[in-house]
Amino acid sequence: MISSRGCPYRCTFCLWPDVLYGHKFRARSPQNVVAEIDQAVRRYGHDEIYFDDDTFTIDRQRVLDICRLVRERGLEKEVEWIAQCRVDTVDREVLEAMKAAGCGYILFGVESGSPEMLKKMKKGITVDKVRAAFKLTRRVGIKTQAFFLFGTPGETQDTIRQTIDLAKELNASSTQFAIAIPHPAPPCTKSAGLTAG
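Described in the following lines is the structure provided in the data block. (Residues numbered from 1 in each chain as written. Predicted model: local features only at pLDDT ≥ 70, side-chain atom pairs only at ≥ 80, totals over all residues. Heavy atoms only, no water.)

Looking at the packing of helix 6 (residues 127-140) against helix 7 (residues 157-170)
Inference 1: At their nearest, the axes of helix 6 and helix 7 sit 11 Å apart, and the two run at 20 degrees to each other. The pairing of helix 6 with helix 7 is recorded here as roughly parallel in orientation. Seen along the crossing, helix 6 lies across helix 7 with a hand that is right-handed. Contacts between helix 6 and helix 7 involve V127, V130, R131, F134 and R138 from the former and L166, E169 and L170 from the latter.
Inference 2: Per-class residue counts for the contact of helix 6 with helix 7 are five nonpolar, no polar and three charged. (Axes fitted to C-alpha atoms, helices over the stretch in contact; angles between N-to-C directions. Helix = DSSP H or I, 4+ residues; strand = E, 2+ residues; numbered from the N terminus. Parallel < 35°, antiparallel > 145°, perpendicular 65-115°, else oblique. Left-handed = near helix turned anticlockwise from the far one by under 90°. Contact = heavy atoms within 4.5 Å. Nonpolar A, V, L, I, M, F, W, Y, C, P; charged D, E, K, R; others polar.)

Description of the packing of helix 2 (residues 30-42) against helix 3 (residues 60-72)
Inference 1: Remark: helix 2 packs on helix 3, axes separated minimally by 9 Å, with the N-to-C direction vectors making an angle of 40 degrees. Viewed along their axes, helix 2 and helix 3 adopt a mutual orientation that is oblique. Two packed elements cross with a definite hand, and for helix 2 against helix 3 that hand is right-handed. Contacts between helix 2 and helix 3 pair P30, Q31, V33, V34 and I37 from the former with R62, D65, I66, L69 and V70 from the latter.

Quick notes on the packing of aromatic side chains
Inference 1: Across all of its chains, the model carries six aromatic pairs by this definition.
Inference 2: With 5.5 Å between their ring centres and 55 degrees between their planes, F56 and W81 make a pair best called tilted. Here the residue F56 occupies a position in the loop between strand 3 (48-51) and helix 3, and W81 occupies one in strand 4 (residues 80-85), the gap between them amounting to 25 residues. When sorted by exposure, F56 lands in the same class as W81, which is buried.
Inference 3: When the centroid spacing of 5.5 Å and the interplanar angle of 20 degrees are considered together, the rings of F148 and F177 count as stacked. Here F148, found in strand 6 (residues 143-150), pairs with F177, found in strand 7 (residues 174-183); they are 29 residues apart in sequence, far enough to count as distant. (Phe/Tyr/Trp six-rings, centres within 6.5 Å; stacked < 30°, edge-to-face > 60°. Buried < 20%, exposed > 50% of the residue type's maximum accessible area, 1.4 Å probe, protein only.)

Thoughts on the pattern of salt bridges
Inference 1: Tallying each qualifying case throughout the model produces 15 salt bridges.
Inference 2: For R60, the salt bridge goes to D91, with nearest N and O atoms at 2.8 Å. Placement of R60 in helix 3 and of D91 in the loop between strand 4 and helix 4 (92-100) is noted, with a sequence separation of 31 residues between them.
Inference 3: Under the relative-accessibility criterion, R60 is labelled partly exposed at 35%.
Inference 4: Between K120 and E116 there is a salt bridge, and its shortest N-O distance comes to 3.1 Å. (Salt bridge = Lys/Arg side-chain N within 4 Å of Asp/Glu carboxyl O.)

Things to note about the side chain of Q145
Inference 1: One can find Q145 in strand 6.
Inference 2: Exposure remark for Q145: the relative accessible area of 14% places this residue in the buried category.
Inference 3: One polar contact links Q145 to S174, side chain to side chain, over a distance of 2.7 Å. (Polar contact = N/O pair within 3.5 Å; in protein donor to acceptor, adjacent residues only side chain to side chain.)

Notes on the side chain of E111
Inference 1: The topology assignment puts E111 in strand 5 (residues 103-111).
Inference 2: Judged by relative accessible area, E111 falls into the buried class, the value being 9%.
Inference 3: Excluding anything up to four places from it in sequence, E111 contacts F13, M121, K123, F147, F148, L149 and T163.

Here you go:
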């Protein structure tokens, strides 16, 4: 399912806002999203849903409302769902609400264990924030996946080692490593981008 489009963040390696949904965040209402979940579960028999939003948790109140409506309909007992999130858009209340509403897996884009590379990527997060989010998510009882990216401009053997060390330290339920691939600028933009491949 896609419950929202657009990512307001400006990570240097990400091509998707330029070729797909843009940077402006547009979201479906919680009522609309939960009505689709209900239909997928009760009409079509789905027992798992993957939210392919760029970042499911951009609008905190919207997430809390979706979780409340899922529970009001009793859907948390019938479906497990997965969401992509940023480590700086979750907190204990949000994670506990997601867990209670049936969220079983959160995919976090960490990208690097190097503070220097995170700044160069314009990721807008810190390694300490990464550690805290993974620890809290695990404590709440939700599985985690950590995404890492090698090869953006400025990468060195030292920054690669920092990333590998952080991946081992986080001990996520699953971990994915990708290599940055340069792409020419799409016709509608003026700058080239990188994406994971």
